[in-house]
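A look at the structure
Below, each chain spelled out in residue letters.
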Amino acid sequence: MTRQQGLICLAAAALMLLEVAVLESRLAFLVAGLPTAAVALAFVHWMARRDGRGHASLIYGVGLLGAVGGYCYLALAPSGAISPQDEVIDWGRMDKRALVFGYLGIAAFIAFHWLWVAFVQGTASVARPPGDVTSSRWPVRLQGALGIAVLTYCWLGLPALRSAEVGGGMGLANFYDLHAHVHLSALQQIRLGAIPYLEAQTQYGPGNQLLLRELTDFVHFSNHGFLAANLLLNVACVVLFFVVVQQFLGFGWAVAGLVAWILWPSPAERIDLAGWAVLTRWIVVAILALWLAWLLLGAGAGRRGWPTVVLAGMLWGAGGFLSQENLSGGLLVLIFSLALFGPASGMTPQRLAKFAGLFVLAGGATFVALVSAFMGPAHLFEVVSRANAKSSLVMAGVSNSIWSDNLGLQFAWNIVNGRLQTDLRVAGEFRELILTYALVFVLLLAIGLLAAFLGRRWRTADEPTRAFCAKFAGVAVGAFVLHLFSLLRSDTSHLAGPSFLLGLFLLMLPVYLWRCLAPGTARTVLMVMSVAIIAEALVSGRLEVERRVAGLGGVWRDSRAALDLYDELRSHRSDVSDLAGLYSPLPRVQAAFRNHPDFAEVDEFFGLLRDRLKGRAVELGSYRFDDLVAHPDTAYFLGGLRSLSGITSPKNSLWLRSEQEAWIARVAGMRSGCLFFNAASNKQLVDAWMRSLKPPQIMEIEPIAGRREYGTLACKVSSQE
């Protein structure tokens, strides 16, 4: 592209940015922006034909203006996810589309640029991918996998399992938490006959719901048993992940990754947050990133046949069934891996297209098969719609955790005896806040440097350098994609949970800069920066590393204690659970629950309500019962109540006013069932229920009273009954 053609494209891009700032709708921007781009591209094409330069300039212009236009439409134009007549309830909203789509758009343009350089200008690499410098006989590789599995269990897994042990203190245990009740209320619906995921709604994916159901039943169906089951799943994920790291990157980098998980935010920080920390939400994204880099650049290049591609696609499809994060994140990993690694892999555009098509086809078939097997083929589109229902709202900035409202800094000043006194305080999450947004620049820089190396120096680099670059490439792309989920929600939990590869990326970065960048000022500056990041982490995480090292001495004792706890929980599976048994089957743990001031009222209320319901479904119109049952989720779980709508967690399912109105209409439209309400209930829901009678229905209304007036139960029954 000549200088004049570049100026035309830049002028058109600037005009499109101006248009999206002035116009107030996406449609208006399309009407103005498309002609702007078309005129600029027509000039570029005319100049290229005049100079006899072919279509290369036109293709680059399409990529440049397409990236700018897409960014304007997705990030800057008014969001279509929330209509002007709608509003967000309960949660907050801070529109981060400009940051998120800028993050993705810059990386996409980097990939496009080097694709254009490789395939349009004809400089695609034909170098043979590096051999596996860490390869060895299978017995040795198996020993390495076993060794890293044991280390992972001792370093990360066992401390997590020990957190399932609850002392006999006065307060309620940490597992008595809304995040756990979101799942348990839905699992209770399945036990009462509901269709998984559709009539027992959660936001964590259909596969995760079914997996947690089986594990919870395996341990014990209770709040305590759910924590133990969730921990068991998370520990299995962590061990599996580091075995995969050892197989693709080598034993040394796997050990380094174990240390990195302590130095930087990682799933280890939230591994015991039952309900929220379901690590199967993101693990497939990390594994796919390492696998695809190994296939395209590393020692797996000789195994690119259709069976390997199909297996990778099936993993993506299974991960998509587990969670929406795996579905969208895995697709992004595929796109960026093919775009960044494709030219260096020596594969032609046709072969890359076949690779992508086979991967997506295998993944789609796996997803459809799993949905059909567990929910029925007739529910396929409903499952897909449900899985993606909240993703557009999250992209539009709806969140219950907005860091930007609190930057973690408090500055106070006062004048005492004529002197100015100041006080600067840093909140506990300030480091995580800075790290979240600073990583945007670090990751984009790494993607750019990686793409430049693959485009310019891959063919001439020595084999050890290419072998390391292939490993770093998978880690960088995986960390880049996973960090997207941190940016969308922006809190410590959402920084730690998806960051499977973050710590490993930061440890590998200075090695990559030293080995793959040409000597000079730029390399020196970047080396200093990357080493400083590691030094800061060593200072911040030193005490935690020392604590974990000291804990290794009690591995055998702690393992026996963890095993005894799981055996004890499982020994109560045949017991008939009362209210306290749903909290925990262990008498020593139940004491705090039974001694709660509200326990007697809650126990009486659920007994009275079940007697009146006689097995009928009920919708809870009251949000809060008392301090012990502070959410509907908790009531559906502890009360063993079947929901009319399948929405047992309104706070986690109803984000918009329109969603709440649809829920009310759905409940009111039920031909049978009951509504429980009190003075604090949603008046719109109660009125809609009372007005929804249709002959020959009648409404039976009776108070639920005992130690106090709990509320009113209104049930639709047929007059002929």
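Owing to the predicted nature of the structure, the values given are computational and were not obtained by experimental measurement.

Parameters at a glance
- Residues numbered from 1 in each chain as written.
- Predicted model: local features only at pLDDT ≥ 70, side-chain atom pairs only at ≥ 80, totals over all residues.
- Heavy atoms only, no water.
- Helix = DSSP H or I, 4+ residues; strand = E, 2+ residues; numbered from the N terminus.
- Rg over C-alpha atoms; globule rule 2.2 N^0.38 Å.
- Buried < 20%, exposed > 50% of the residue type's maximum accessible area, 1.4 Å probe, protein only.
- Contact = heavy atoms within 4.5 Å.
- Areas by Shrake-Rupley, 256 points an atom, 1.4 Å probe, with all protein chains shown as cover.
- Lys, Arg positive; Asp, Glu negative; His and termini not counted.
- Charge placed at Lys NZ, Arg CZ, Asp CG, Glu CD.
- Disulfide = S-S within 2.5 Å.
- Core = buried A, V, L, I, M, F, W, Y, C linked by side-chain atoms within 4.5 Å.
- 1 Å grid on protein atoms, 1.4 Å probe; cavity = no way out; pocket = protein on both sides within 12 Å on 5 of 7 lines; lining within 4 Å.
- Points joined across faces, edges and corners; volume = space filled by probe spheres on them.
- Nonpolar A, V, L, I, M, F, W, Y, C, P; charged D, E, K, R; others polar.
- Pairing = 2+ DSSP bridges.
- Axes fitted to C-alpha atoms, helices over the stretch in contact; angles between N-to-C directions.
- Parallel < 35°, antiparallel > 145°, perpendicular 65-115°, else oblique.
- Salt bridge = Lys/Arg side-chain N within 4 Å of Asp/Glu carboxyl O.
- Polar contact = N/O pair within 3.5 Å; in protein donor to acceptor, adjacent residues only side chain to side chain.

**A look at the overall build of the chain**
- Broken down by element type, the chain carries 28 helices and 8 strands.
- Over its C-alpha atoms the chain spans a radius of gyration of 28 Å, differing by no more than 12% from the 27 Å that the globule rule assigns to 721 residues.
- For the C-alpha atoms alone, the extent of the chain along its principal axes is close to 90 × 80 × 65 Å.
- Residue burial in the chain is summarised as follows: out of 721 residues, 54% are buried.
- For the chain, the proportion of contacts with a sequence separation of at least 24, taken over those separated by at least 6, is 75%.
- When the accessible surface of the chain is split by element, carbon and sulfur atoms take 62% of a total near 31,100 Å².
- Of note, the chain has its 58 positive side-chain charges centred 11 Å away from the centre of its 49 negative side-chain charges.

**Examining the state of the cysteines**
- Overall, the coordinates contain 1 disulfide when judged by the stated rule.
- Residue pairing for cysteine 674: its cysteine sulfur links by disulfide to cysteine 715, the two sulfurs lying 2.1 Å apart. Between cysteine 674 and cysteine 715, the S-S torsion sits near 110 degrees, and that sign places the bridge as right-handed. Of the two residues, cysteine 674 sits in strand β6 (residues 673-677) while cysteine 715 sits in strand β8 (residues 709-718), which places them 41 residues apart along the sequence.
- Cysteine 674 sits in the buried class, given a relative accessible area of 0%.
- Judged by relative accessible area, cysteine 715 falls into the buried class, the value being 2%.
- Cysteine cysteine 72 shares no disulfide, and the gap to the nearest cysteine sulfur, in cysteine 9, comes to 14 Å.
- Since its relative accessible area comes to 0%, cysteine 72 is described here as buried.

**Describing the nonpolar core**
- Counting 191 residues, the largest nonpolar core has Phe341, Phe472, Phe480, Phe500, Phe505 and Tyr512 as its most contacted members.
- In terms of residue count, helix α8 (residues 223-249) provides more of this core than any other element does, 17 residues in total.
- In contact with phenylalanine 472, other than residues within four places in its own chain, are Ala446, Leu450, Phe505, Met508, Leu509 and Tyr512.
- Counting residues in each nonpolar core, the second largest holds 16 residues, with Leu654, Phe677, Val686 and Met699 among its members.

**A closer look at the layout of surface pockets**
- Here the largest pocket is characterised by a volume of approximately 1,100 Å³.
- If you trace the largest pocket, you find 50 residues lining it, with Glu325, Val394, Arg489, His494 and Trp655 closest to the centre.
- Mapped by element, the contributors of at least two residues to the lining of the largest pocket are α4 (97-120), α6 (178-191), α12 (324-345), α14 (380-387), α15 (391-395), α17 (463-489) and α18 (492-496).
- Tallied by class, residues from the lining of the largest pocket come to 23 nonpolar, 17 polar and 10 charged.
- When its volume is computed, the second largest pocket comes out at roughly 510 Å³.
- Ala67, Tyr71, Phe101, Gly105 and Ile106 are the residues nearest the centre of the second largest pocket, which is lined by 23 residues in total.
- Only α1 (3-22), α3 (56-76), α4 and α12 provide two or more residues apiece to the lining of the second largest pocket.

**A look at the sheet that holds β8**
- Read across the sheet, 4 strands follow the order β5-β6-β8-β7 without closing on themselves; strand pairing throughout is mixed. Both outer strands of the open sheet, β5 (618-620) and β7 (697-705), are each paired with one neighbouring strand and no more. With strand direction ignored, the average angle separating the axes of adjacent strands in the sheet is 20 degrees.
- For β6 and β8, the ladder comprises 5 bridges, and the chain directions are antiparallel. Opposite phenylalanine 676, over in β8, you have leucine 713 as the bridge partner.
- Together, β6, β7 and β8 form the strand contacts of helix α28 (residues 683-690), whose direction differs from that of β6 by roughly 145 degrees.

**Side note on the packing of helix α13 (residues 349-374) against α14**
- Packing of α13 against α14 brings their axes to within 10 Å, and their N-to-C directions diverge by 110 degrees. Accordingly, the angle class assigned to the pair α13 and α14 is roughly perpendicular. In this structure, α13 uses Phe367, Val368 and Val371 to contact α14, whose residues at the interface are Leu380, Val383 and Val384.
- The residue inventory of the contact of α13 with α14, partitioned by class, reads 6 nonpolar, no polar and no charged.

**Quick look at the pattern of salt bridges**
- Enumeration according to the criterion identifies 19 salt bridges in this entry.
- Here glutamate 544 makes a salt bridge to arginine 548, at a shortest N to O gap of 2.9 Å. You can see glutamate 544 and its partner arginine 548 sitting in helix α20 (residues 521-551), 4 residues apart, about one turn around the helix.
- A residue is classified by how much of its surface remains accessible, and arginine 548, at 13% relative accessible area, is buried.
- Residue aspartate 564 pairs with arginine 560 through a salt bridge whose shortest N-O separation is 3.5 Å. Highlighted residues: aspartate 564 and arginine 560, both in helix α21 (residues 555-570), separated by 4 residues, approximately one helical turn.
- Beyond isolated ion pairs, a larger network of salt bridges with shared partners links Arg162, Arg557 and Asp558.

**Quick word on helix α25 (residues 632-639)**
- Counted residue by residue, α25 has 8 buried out of 8 residues, so it is predominantly covered.
- Those residues of α25 that sit buried are Pro632, Asp633, Thr634, Ala635, Tyr636, Phe637, Leu638 and Gly639.
- Once α25 ends, the next one or two residues include glycine 640, with phi positive near 65 degrees.

**Points about the pairing of β8**
- In terms of burial, β8 is largely enclosed, as 7 of its 10 residues are buried.
- Counting the residues that bridge the hairpin from β7 to β8 gives 3 residues.

**Things to note about the side chain of asparagine 208**
- Within the secondary structure, asparagine 208 is located in helix α7 (residues 206-219).
- A residue is classified by how much of its surface remains accessible, and asparagine 208, at 0% relative accessible area, is buried.
- Looking at asparagine 208, its side chain comes within polar contact range of the side chain of threonine 280, at 2.4 Å.

**Focus on unusual backbone geometry**
- In this structure, the amide linkage connecting proline 695 to the following residue, proline 696, adopts the cis form with an omega of 10 degrees.
- In this structure, proline 696 sits in the loop between α28 and β7.
- The backbone of tyrosine 197 sits at a positive phi, close to 75 degrees, despite the residue not being glycine.
- Residue placement: tyrosine 197 occurs in the loop between α6 and α7.
- A positive phi angle, near 55 degrees, is found at lysine 614, a position not held by glycine.
- Turning to its location among the elements, lysine 614 is positioned in the loop between α24 (599-613) and β5.
- For lysine 614, a relative accessible area of 68% translates into the label exposed.

Any functional reading would require information beyond the geometric quantities listed.
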